[in-house]
Amino acid sequence: MSKANDQDSIDRYRFHHIDIHKCLKCKNFWCEDACFRGIYKVINKDTTPKCLVVEDREDFCLKCHICTTACKSRAITID
Ligand code: SF4
Ligand code: SF4
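Just so it is clear, the model here is predicted, and its values are computed rather than measured. (Residues numbered from 1 in each chain as written. Chains lettered and ligands numbered in written order. Predicted model: local features only at pLDDT ≥ 70, side-chain atom pairs only at ≥ 80, totals over all residues. Heavy atoms only, no water.)

Re the site of ligand 1
No. 1: Near ligand 1 the following residues occur: Cys23, Cys26, Phe29, Trp30, Cys31, Val42, Cys51, Cys71, Ala75 and Ile76.
No. 2: Within the shell around ligand 1, the residues separate by chemical class into 10 nonpolar, no polar and no charged. (Near = heavy atom within 4 Å. Nonpolar A, V, L, I, M, F, W, Y, C, P; charged D, E, K, R; others polar.)

Here it is, written out as structure tokens:
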């Protein structure tokens, strides 16, 4: 089974990786609420939702993995 399409839809930051294809179907935006460090911002919530790692905030991540658990679509991975 090819994973090529999955790979193509992943936005890669330094150590956060977000499958933005999964964000398109998201209605709850769990990531924004879950991260107490303000790492995520979801844009285009009413049309084509997409989760971003906020510029210059990635270093504030504690790697607590609350976000990876909170995102029920399993769109987030952290190295
Ligand atoms: S990362 Fe998860 S919770 Fe955040 S917008 Fe994407 S699918 Fe939704
Ligand atoms: S691991 Fe913790 S601090 Fe890092 S982005 Fe996720 S919720 Fe935020």
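Focus on the side chain of Thr68
No. 1: Note that Thr68 resides in helix H4 (residues 66-70).
No. 2: When its relative accessible area of 13% is taken as the criterion, Thr68 is described as buried.
No. 3: Those residues in contact with Thr68, other than ones at most four positions away along the chain, are Arg74, Ile76, Thr77 and Ile78. (Helix = DSSP H or I, 4+ residues; strand = E, 2+ residues; numbered from the N terminus. Buried < 20%, exposed > 50% of the residue type's maximum accessible area, 1.4 Å probe, protein only. Contact = heavy atoms within 4.5 Å.)

Comments concerning unusual backbone geometry
No. 1: The phi dihedral of His65 falls on the positive side, at around 70°, and the residue is not glycine.
No. 2: Locating His65 in the fold gives a position in the loop between strand S4 (50-53) and H4.
No. 3: Positive phi, close to 55°, is recorded for Arg74, a residue that is not glycine.

Some thoughts on the sheet that holds strand S5 (residues 76-78)
No. 1: With antiparallel pairing, the 3 strands of this open sheet are ordered in space as S1-S2-S5. On the outer flanks of this sheet lie strand S1 (10-12) and S5, each paired with one strand and no other. On average, each strand axis in the sheet is inclined to that of its neighbour by 20°, with strand direction left out of account.
No. 2: Note that strand S2 (residues 16-19) and S5 share 3 bridges and pair antiparallel. Along S5, the bridge assignment pairs His16 with Ile78. (Pairing = 2+ DSSP bridges. Axes fitted to C-alpha atoms, helices over the stretch in contact; angles between N-to-C directions.)

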